[in-house]
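# Working through the structure, step by step
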Amino acid sequence: MSVLMVEDKVDFNTLKDTLQLTDGNLASHLRALEDAEYLRVEKQFVGRKPNTTYHATNAGRKAFTSHLDALEQLILSNRKET
């Protein structure tokens, strides 16, 4: 999701290379995010080659922001004062 927060859309191979995941591992994670309606999948052909791109949905952006907020609160609440 972090990649999709800064890019409007990202294709499968770019995600795979950026995250250094196998095809199967990435596909599994993307399917879970799609099932949660956190991303939208667009499949098309570029020339004769299939091309799949992913877009974060509003729900996905909201969930990711909430996740970051929770992590930030966890860090702040456990930070030692010096």
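This structure is a prediction, so every number in the text was calculated from the model and none was measured.

## Digging into the overall build of the protein chain
In terms of helices and strands, the protein chain carries four helices and three strands. Shown N-terminal to C-terminal, the secondary structure of the protein chain runs as helices and strands in the order α-β-α-α-β-β-α. In terms of overall size, the protein chain is more extended than a compact globule, its C-alpha atoms giving a radius of gyration of 16 Å where 82 residues would be expected to give roughly 12 Å. Dimensions along the principal axes, computed over C-alpha positions, put the protein chain at roughly 60 × 25 × 20 Å. Within the protein chain, the fraction of its 82 residues that count as buried is 20%.

## Here's the deal with the sheet that holds strand β2 (residues 39-46)
What holds strands together in a sheet is hydrogen bonding between their backbones, with the strands either parallel or antiparallel. Taken in spatial order, the three strands of this open sheet run β1-β3-β2, and their pairing is antiparallel. Single-partner strands in this sheet number two, and they are β1 (10-11) and β2. Alignment of β1 against strand β3 (residues 49-56), held across two bridges, turns out to be antiparallel. By the bridge assignment, Val-10 is partnered in β3 with Tyr-54.

## Overview of the side chain of His-55
Here His-55 lies in strand β3. In terms of polar contacts, His-55 uses its side chain to reach the backbone carbonyl oxygen of Asp-8, at 3.4 Å. Beyond its immediate chain neighbours, meaning those up to four positions away, His-55 contacts Leu-4, Asp-8, Lys-9, Tyr-38, Leu-39, Arg-40 and Glu-42.

## Considering the pattern of salt bridges
The final tally for this structure, using the stated rule, is one salt bridge. Note that Asp-23 is salt-bridged to Lys-16, the shortest N-O span being 2.9 Å. Looking at Asp-23, the relative accessible area reads 43%, which means it is partly exposed.

## As for the nonpolar core
Looking at soluble globular proteins, one finds that nonpolar side chains tend to be buried together. Within the largest apolar cluster, 10 residues are counted, these being Val-3, Leu-4, Val-10, Phe-12, Leu-15, Leu-26, Leu-30, Leu-39, Tyr-54 and Ala-56. Elements with a contribution of two residues or more to this core: α1 (2-6), α2 (12-19), α3 (23-35) and β3. Leave out the neighbours within four places in its chain, and Val-10 touches Val-3, Leu-4, Leu-15, Thr-52, Thr-53 and Tyr-54.

## Observations concerning the packing of α2 against α3
Relative orientation of the contacting elements α2 and α3 amounts to 110 degrees, with a least axis distance of 10 Å. By the angle between their directions, the pair α2 and α3 is classed as roughly perpendicular. Where α2 approaches α3, its residues Phe-12, Leu-15, Lys-16 and Leu-19 are matched on the opposing element by Asp-23, Leu-26, Ala-27 and Leu-30. Counted by class, the contact of α2 with α3 contains six nonpolar, no polar and two charged residues.

Criteria and thresholds
Residues numbered from 1 in each chain as written. Predicted model: local features only at pLDDT ≥ 70, side-chain atom pairs only at ≥ 80, totals over all residues. Heavy atoms only, no water. Helix = DSSP H or I, 4+ residues; strand = E, 2+ residues; numbered from the N terminus. Rg over C-alpha atoms; globule rule 2.2 N^0.38 Å. Buried < 20%, exposed > 50% of the residue type's maximum accessible area, 1.4 Å probe, protein only. Pairing = 2+ DSSP bridges. Polar contact = N/O pair within 3.5 Å; in protein donor to acceptor, adjacent residues only side chain to side chain. Contact = heavy atoms within 4.5 Å. Salt bridge = Lys/Arg side-chain N within 4 Å of Asp/Glu carboxyl O. Core = buried A, V, L, I, M, F, W, Y, C linked by side-chain atoms within 4.5 Å. Axes fitted to C-alpha atoms, helices over the stretch in contact; angles between N-to-C directions. Parallel < 35°, antiparallel > 145°, perpendicular 65-115°, else oblique. Nonpolar A, V, L, I, M, F, W, Y, C, P; charged D, E, K, R; others polar.

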